[in-house]
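# Examining the three-dimensional arrangement
Now for the letters of each chain:
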Amino acid sequence: MREKIIILDFGSQTTQLIGRRIRELNMYCEILPYNRFPEGDDCIKGVIFSGSPYSTSDSNAFRTDWTAILQKYPVLGICYGAQLMASDSGGKVESAAVREYGRAHLSHIDDGDPLLKGVKNGSQVWMSHGDTITQLPPSFRIIASTNDVKVAAYRIDDKPAWGVQFHPEVYHTEDGMRILDNFLHICGCTKDWTPASFIESTVAALKAQLGNDRVILALSGGVDSSVTAVLLNRAIGKNLTCIFVDHGLLRRHEFEHVLRDYVHLGLNVVGINASEKFYSRLAGVTDPEQKRKIIGKGFIDVFEEEAQKLKNIKWLGQGTIYPDVIESLSITGMVIKSHHNVGGLPDRMKLRLIEPLRLLFKDEVRRVGTELGMMPHLIKRHPFPGPGLGIRILGDITEKKVRILQDADDIYISLMREWGLYDTVWQAGAILLPVQSVGVMGDERTYENTVVLRAVTSADAMTADWAQLPYDFLAKVSNEIINRVKGVNRVVYDISSKPPATIEWE
């Protein structure tokens, strides 16, 4: 049984970051909606309440019976979580005269309090709230302030409960990791969750869950499905068949390269060329959500067809990871975009899903892959979307457009490797716009396509910043694409961050 911290999500943009920080401290955690606390779980050591876009005074604000949780577990409320406990106990939470965003510094720290052990006066924290606690209930005690926020942190007397109105999970809070680590110490956590322990427990769980059942795995060539394949292979061996589908939307020569790369892993891999099937279903479709769902259903159809050939297949394995799940459905029910292996699946399918990486972030998957002894170039490969170039071609999809984008993307990625830039960014790729513009080539007027170059830096894909690639490199890529790719006369570079943009354009 694995110890865990439960993080109740009230809708904050940084809830996933809380989870990442806890796991960086070698403690397993799970992020759950605010109204789905798991009763009767003996592995829970403590609970964290996240921030929220709502005010505690809003009629539609998310609420939970936190007093019942506090009867069993230590609790840490962050921002809205802290305000919720205070307001529900008779304190006052009011709109701040001046919205409190950005850097602040702690003062009047109670250094005897276990949550703030080792935190010095003047330590920088990051504020991000419009409301503030103006009066604490009688049993609540201030343990830290800032120049503008009297109740920067508090404790409930005689209860293992704390609240902070700043965000310890963000980079700009200097002692944030120390504060979170102190909370884990309060909870009595062993902190033994590592890639090696994850592999051991996951393989054991897969063996118990699958028994002698046969599984087919949706293999993409990326790190997520590759790590999934190796884990499943360790658990069930010959009962795993990996299927790699060429939907006609892969990068140039990717089908051959992927099949070659898996020889050393000893996996049973079947390659299926289904490009004509996907092209026919996508003909004339321009809506990005519809394209994702068509591609998702196309994958499932192919897998089910292969399962019938293989006989007695009961499970479909997928390399789904946590950001896929989070972006596909938030606790408010608002879809950012449907990932083909989450929101793109049909409502009814004959195979049951097995997703051993569903609660891992990308960097955690890579650490697990390293622990499994996989080749570095497989582990370091940039993320590539399951729908492939289908969501990097804006508008309808044709074979001609795919060819143009494959050629442009190949030049871009090849030059990134040649210039030593590939490993410095999280993800890079080219996008083909449904826009044509006037150009001049050989003294002749052209009216051709525009290609966008995209490269971002990130730790987990939940947030990302545009990569500041060298100007001379971008100039080289632009010249090579325009000179060598027929149908392109303009290249631009995307300098949007996530948020507000997403990494992929669709």
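It should be noted that the structure appears before, not after, this text.
Here the structure is a predicted model, which means the values were calculated and not measured.

On to the overall build of the protein. When helices and strands are tallied, the protein shows 14 helices and 18 strands. The C-alpha radius of gyration of the protein comes to 25 Å, within 12% of the 23 Å expected for a compact globule of 506 residues. The C-alpha extent of the protein, read off along each of the three principal axes, is 75 × 65 × 40 Å. Looking at the protein as a whole, 58% of its 506 residues are labelled buried. Accessible surface for the protein amounts to roughly 22,300 Å². Of this, 48% is attributable to carbon and sulfur atoms. Seen as two clouds, the 58 positive and the 62 negative side-chain charges of the protein have centres 4 Å apart.

Bringing the pattern of salt bridges into the picture now. Enumeration according to the criterion identifies 32 salt bridges in this entry. Between Lys72 and Glu39 there is a salt bridge whose closest N-O contact spans 3.8 Å. With Lys72 in the loop between helix H2 (66-70) and strand E4 (75-78) and Glu39 in the loop between strand E2 (29-33) and strand E3 (44-49), this pair connects stretches of sequence that are 33 residues apart. Considered together, Lys72 and Glu39 belong to a single accessibility category, that of exposed residues. Put simply, Lys401 and Asp396 hold a salt bridge, and the shortest N to O gap is 2.6 Å. The exposure class assigned to Asp396 is partly exposed, which follows from its relative accessible area of 26%.

The next thing to look at is the sheet that holds strand E1 (residues 4-9). Sheet architecture is open: seven strands sit in the order E2-E1-E3-E4-E9-E8-E7, paired in mixed fashion. Single-partner strands in this sheet number two, and they are E2 and strand E7 (140-144). Adjacent strand axes in the sheet meet at a mean angle of 25° when their direction is disregarded. Across four bridges, strand E8 (residues 153-156) lies against strand E9 (residues 161-164) in antiparallel orientation. Each residue of the ladder has a partner; that of Ala153, found in E9, is Val164. In this fold helix H1 (residues 15-24) packs onto E1, E2, E3 and E4, with an angle of close to 170° to the strand it touches most, E1.

In total, this model carries 15 aromatic pairs according to the counting rule given. Ring geometry for Phe10 and Tyr80: centres 5.5 Å apart, planes at 45°, overall tilted. Of this pair, Phe10 sits in the loop between E1 and H1 while Tyr80 sits in helix H3 (residues 80-88), placing them 70 residues apart in sequence. Per residue, the accessibility class of Phe10 equals that of Tyr80, and both read buried. Between Phe140 and Tyr154 the ring centres are 5.0 Å apart and the planes differ by 45°, which places this aromatic pair in the tilted class. Taken as a pair, Phe140 in strand E7 and Tyr154 in strand E8 lie far apart in primary sequence, 14 residues in all. Of the two residues, Phe140 and Tyr154, neither departs from the other in class, the shared state being buried. Within the aromatic cluster, the residues linked to one another by ring pairs are Phe10, Tyr34, Phe49, Tyr54, Phe62 and Tyr80. The ring centre of Phe361 lies 5.8 Å from the NZ or CZ of Arg20, which sits over that ring. Sitting above the plane of the Tyr422 ring, Arg417 keeps its charged end 3.9 Å from the centroid.

As a further point, take the packing of helix H13 (residues 399-418) against helix H14 (residues 471-484). Between H13 and H14, whose axes approach to 9 Å, the crossing angle comes to 150°. Looking at the two axes, H13 sits roughly antiparallel to H14. Here H13 runs over H14; the crossing is right-handed. Contacts between H13 and H14 involve Ala408, Ile411, Tyr412, Leu415 and Met416 on the former and, on the latter, Phe473, Lys476, Val477, Glu480, Ile481 and Arg484. Of the residues that constitute the contact of H13 with H14, the class distribution is eight nonpolar, no polar and three charged.

Right, let's talk about the nonpolar core for a bit. Core analysis: the largest hydrophobic core is formed by 53 residues, its most contacted members being Phe303, Tyr412, Met416, Leu453, Leu469, Phe473 and Ile481. Sort the elements by how many residues they give to this core and H13 lands first, with nine residues. Grouped together as the second largest cluster of nonpolar side chains are 38 residues, Leu217, Ala235, Ile354 and Ile379 included.

If you add up the space inside the second largest pocket, you get close to 500 Å³. As for the second largest pocket, its lining consists of 20 residues, of which His257, Arg381, Ile413, Arg417 and Tyr422 are closest to the centre. Contributions of two or more residues to the lining of the second largest pocket are made by helix H7 (254-261), helix H12 (376-379) and H13.

Reading guide: rules and limits
- Residues numbered from 1 in each chain as written.
- Predicted model: local features only at pLDDT ≥ 70, side-chain atom pairs only at ≥ 80, totals over all residues.
- Heavy atoms only, no water.
- Helix = DSSP H or I, 4+ residues; strand = E, 2+ residues; numbered from the N terminus.
- Rg over C-alpha atoms; globule rule 2.2 N^0.38 Å.
- Buried < 20%, exposed > 50% of the residue type's maximum accessible area, 1.4 Å probe, protein only.
- Areas by Shrake-Rupley, 256 points an atom, 1.4 Å probe, with all protein chains shown as cover.
- Lys, Arg positive; Asp, Glu negative; His and termini not counted.
- Charge placed at Lys NZ, Arg CZ, Asp CG, Glu CD.
- Salt bridge = Lys/Arg side-chain N within 4 Å of Asp/Glu carboxyl O.
- Pairing = 2+ DSSP bridges.
- Axes fitted to C-alpha atoms, helices over the stretch in contact; angles between N-to-C directions.
- Contact = heavy atoms within 4.5 Å.
- Phe/Tyr/Trp six-rings, centres within 6.5 Å; stacked < 30°, edge-to-face > 60°.
- Lys NZ or Arg CZ within 6 Å of the ring centre and 35° of its normal.
- Parallel < 35°, antiparallel > 145°, perpendicular 65-115°, else oblique.
- Left-handed = near helix turned anticlockwise from the far one by under 90°.
- Nonpolar A, V, L, I, M, F, W, Y, C, P; charged D, E, K, R; others polar.
- Core = buried A, V, L, I, M, F, W, Y, C linked by side-chain atoms within 4.5 Å.
- 1 Å grid on protein atoms, 1.4 Å probe; cavity = no way out; pocket = protein on both sides within 12 Å on 5 of 7 lines; lining within 4 Å.
- Points joined across faces, edges and corners; volume = space filled by probe spheres on them.

What is shown is where atoms sit, not what they do.
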